[in-house]
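Letter by letter, the chains look like this.
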Amino acid sequence: MHAVIRSYMGVPGLGRRLSQRRKDIEKTMQKATGFMAYYLVDTPDGTISLTICRSKEGTEESNRLAAGWLRENMPDVAQHSPQISSGDVVIDVSGVHATH
């Protein structure tokens, strides 16, 4: 598995705006080859997206899809290039629910 993190800082309210377009974003990101998961995290400093695909090629494609979607649907946001980090997933802990 391969993951890519796109950090959009300095764009107030982006997480909220994107969450209002959830269905469109789902359709777009699911087009990436080997798509596995997509997460959007709203932080005090900005918005972070995480995409997981089966391969690096898929996450690179997800970057292109995300950039294209933003250019088409939120051109004001597209002006702010995200910081991008990517790499192989070395630990996967999913579907686990902690009990307290």
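The structure presented is a predicted model; accordingly, all values stated were derived computationally and were not measured.

Conventions adopted
- Residues numbered from 1 in each chain as written.
- Predicted model: local features only at pLDDT ≥ 70, side-chain atom pairs only at ≥ 80, totals over all residues.
- Heavy atoms only, no water.
- Core = buried A, V, L, I, M, F, W, Y, C linked by side-chain atoms within 4.5 Å.
- Buried < 20%, exposed > 50% of the residue type's maximum accessible area, 1.4 Å probe, protein only.
- Helix = DSSP H or I, 4+ residues; strand = E, 2+ residues; numbered from the N terminus.
- Contact = heavy atoms within 4.5 Å.
- Expected span 1.5 Å × (residues − 1).
- Arc of directions from axis to C-beta.

### A closer look at the nonpolar core
With 11 residues, the main nonpolar core is built from Tyr8, Val11, Leu14, Leu18, Ile25, Met29, Ala66, Trp69, Leu70, Met74 and Val77. Breaking this core down by element, the ones donating at least two residues are α1 (14-19), α2 (22-29) and α3 (56-73). Residue contributions to this core peak at three residues, all from α3. If sequence neighbours within four positions are ignored, Ala66 has contacts with Arg6, Tyr8 and Met29.

### What to know about α3
If you check α3, its first and last C-alpha atoms are 26 Å apart, about what 18 residues at 1.5 Å a residue would give, namely 26 Å. Along α3, the residues that are buried comprise Gly58, Thr59, Ser62, Asn63, Ala66, Trp69 and Leu70. The buried residues of α3 occupy an angular sector of 150 degrees when the element is viewed end-on, so they sit on one face. Relative to its buried face, α3 has exposed residues pointing more than 90 degrees away, namely Glu57, Arg64, Arg71 and Glu72. Tucked inside the fold, the buried residues of α3 contact β1 (2-9), α1, α2, β3 (46-53), α4 (75-78) and β4 (83-88).

Coordinates in, geometry out; function isn't part of it.
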